[in-house]
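Chains, contacts and geometry: an overview
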Amino acid sequence: MIGLISATKAGARARARLAAAWPARTRVYDGSVREAFERAFRECEQVVCFLAVGAVARLAAPLLVGKVSDPGVVCVDEGGRFAVALLGGHGGGANALAREVGDLLGAEPVITTATDAVAVPGLDTLGLPVEGDVAGVTRAMLDGEPVALEAEVVWPLPALPPNVTARSDGAVPTRPALRDACPQRASLRVTDRVLQPADGQVVLRPASLVVGVGASRGVGVDEVLALVRGCLRDAGLSPDSVREVATVDAKGDEPGVVGAAARLGVPLVTYAAEELAGVDVPHPSGAPLAAVGTPSVAEAAALARGGELLVPKRKSERADGRPAMATCAVARRTRGRLALVGIGPGARDLLTPRARDELRRAAVVVGLDQYVDRIRDLLRPGTKVLESGLGAEEERARTAVDAARRGQAVALIGSGDAGVYAMASPALAEAGDDIDVVGVPGVTAALAAAAVLGAPLGHDHVSISLSDLHTPWDVIERRVRAAAVSDLVVTFYNPRSRGRDRQLPKALALLAEHRAPTTPVGVVRNASRADESARLTTLAGLDPAGVDMMTVVTVGNTATREVAGRMVTPRGYRWQRPATEETE
């Protein structure tokens, strides 16, 4: 919950805007400012004050306990010009909240956290359990001192600054300039094993462990939990790195298994017996085969999505001497991350916040060189950029997937939406289930052009690429003819190039067989970019010679009209009758 506090009429008006926009997230605190702040500080995860920074600092000072427990506090000035993250930038989420408040109120977010200011990822913002000297290692990262990255577990971390040098053997970088700058070696260790952080070390614990569990009907929670914890303890593995408990479908509702997963704080994942039976395991058995249809449950469930078996099947031990009712196995599963990011049609303000976040989360960015140039300034220092020219789409897709398979965090970018005539399709044709894939939608050229023209896509519509480099022309022609017969609004991508000038006239001729010469046609070049141009013409009046690869052509259907210089397709086919007819 976000507590809202104000002292003046102007502050109250801004406060009311937040409360109206976020009714389920906010709570207004009235009365004495001091009392209201104290109550909000105690009761809420975050607080937004429409007060001076100095006043809020004095109010907060007596209440501070620690960065882990204190709420995030944001201050908005009287004029609504700035949203200042005052307290709990990372732990309290004040930095992110300041940006949200700024977006809503039109205020400039003010972020003074050192890592955010220079685009270095905060070690406590990576979504992983973190232990050790966070402040000291972060300071070394910011100061350019040598930091050794000791990755026992390969994990898709965001880009780290160049002074963080990855060493699989745990060695410390030896570049003389960096070595002399910091005789006390800072290190960042990524591991799922139990260990005490050394001086000047931070330990990150990725969620890399899958616990496979088999159980007899009626097994108790305590028996399952004791077995799991014993397996982890004896293998030196951290419970903080358990990502899920896995079992066979037949045991998915077993209270002892369900309860054990709940007490570990992880999801319970189940697999069909047929799927588990196909997993190669070191210790198959006839008992589970007879009971549930697979020769292995614990080991097979732990390895069902690949990985390395760290703890082979082990049975529980009962104090009463009765037969064991649970089995457990532990596997390490490391997976890279591939984000398919649509960066929009060109304008920076049409790049979505989610796309920005994914670009900053990536350690590797792959894309067409001209598209990379559009977002290069948004990347974190140390991001590896793999760019290539036109015609290398399949190579870029393979490059991105290969990098993800090596356990890296990869962003493969495409103009508009990555899934629309862009890189998502070739990438997913290469990717298996051995990597995590995230789709990030973007504003397409068709949508950007439609917004310029008016509302041409108000009813059913289709997009068709006229490029026959990848699709035979006879296939394209059948699709255009089908769209014409079906009376669909058509947006043509890739309509004409210097070496390909016959396709657009042919497509227009096919549409003309079913539409009037006066059918509105919108032509938009470089939609949303600085040199954007647009014109409205007709099917008979369109000159294909004025169209190129940077142009989107939208042809209306039989109901599309020009209204006040705008192209409009009504939501229904019954066009609005003149007012005089309606009143007769």
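Residues numbered from 1 in each chain as written. Predicted model: local features only at pLDDT ≥ 70, side-chain atom pairs only at ≥ 80, totals over all residues. Heavy atoms only, no water.

Of all the 6 residues making up strand β25 (residues 520–525), 5 are buried; the element is thus mostly covered by neighbouring parts of the structure. Relative to strand β27 (residues 551–555), β25 is paired through 5 bridges, and the arrangement is antiparallel. Paired with Val524 across the strands is Val552, a residue of β27. (Buried < 20%, exposed > 50% of the residue type's maximum accessible area, 1.4 Å probe, protein only. Helix = DSSP H or I, 4+ residues; strand = E, 2+ residues; numbered from the N terminus. Pairing = 2+ DSSP bridges.)

We now examine the sheet that holds β27. In spatial order, the strands read β23-β24-β27-β25-β26; together these 5 strands make up an open sheet with mixed pairing. Two strands lie at the open edges of the sheet, namely β23 (461–465) and β26 (533–538), each paired on one side alone. Neighbour to neighbour, the strand axes of the sheet diverge by 20° on average, direction disregarded. Where strand β24 (residues 489–493) and β27 come together, 3 bridges link them in antiparallel fashion. Residue Val490 lies in a different strand from β27, and its bridge partner there is Val555. In the packing of helix α17 (residues 445–453) onto the sheet, contacts are made with β23, β24, β25, β26 and β27, and the angle to β25 comes to roughly 115°. Packing against the sheet, helix α19 (residues 503–512) makes contact with β24 and β27, and its axis sits at approximately 175° to β24. (Axes fitted to C-alpha atoms, helices over the stretch in contact; angles between N-to-C directions. Contact = heavy atoms within 4.5 Å.)

What follows is about the sheet that holds strand β11 (residues 201–204). Taking strand neighbours across the sheet as the criterion, the 5 strands line up as β7-β11-β10-β8-β9 in an open arrangement whose pairing is mixed. Of all the strands in the sheet, the pair left with one neighbour each is β7 (130–132) and β9 (164–166). Adjacent strand axes in the sheet meet at a mean angle of 20° when their direction is disregarded. Judged from the 4 bridges that link them, strand β10 (residues 186–190) and β11 form a sheet pairing that is parallel.

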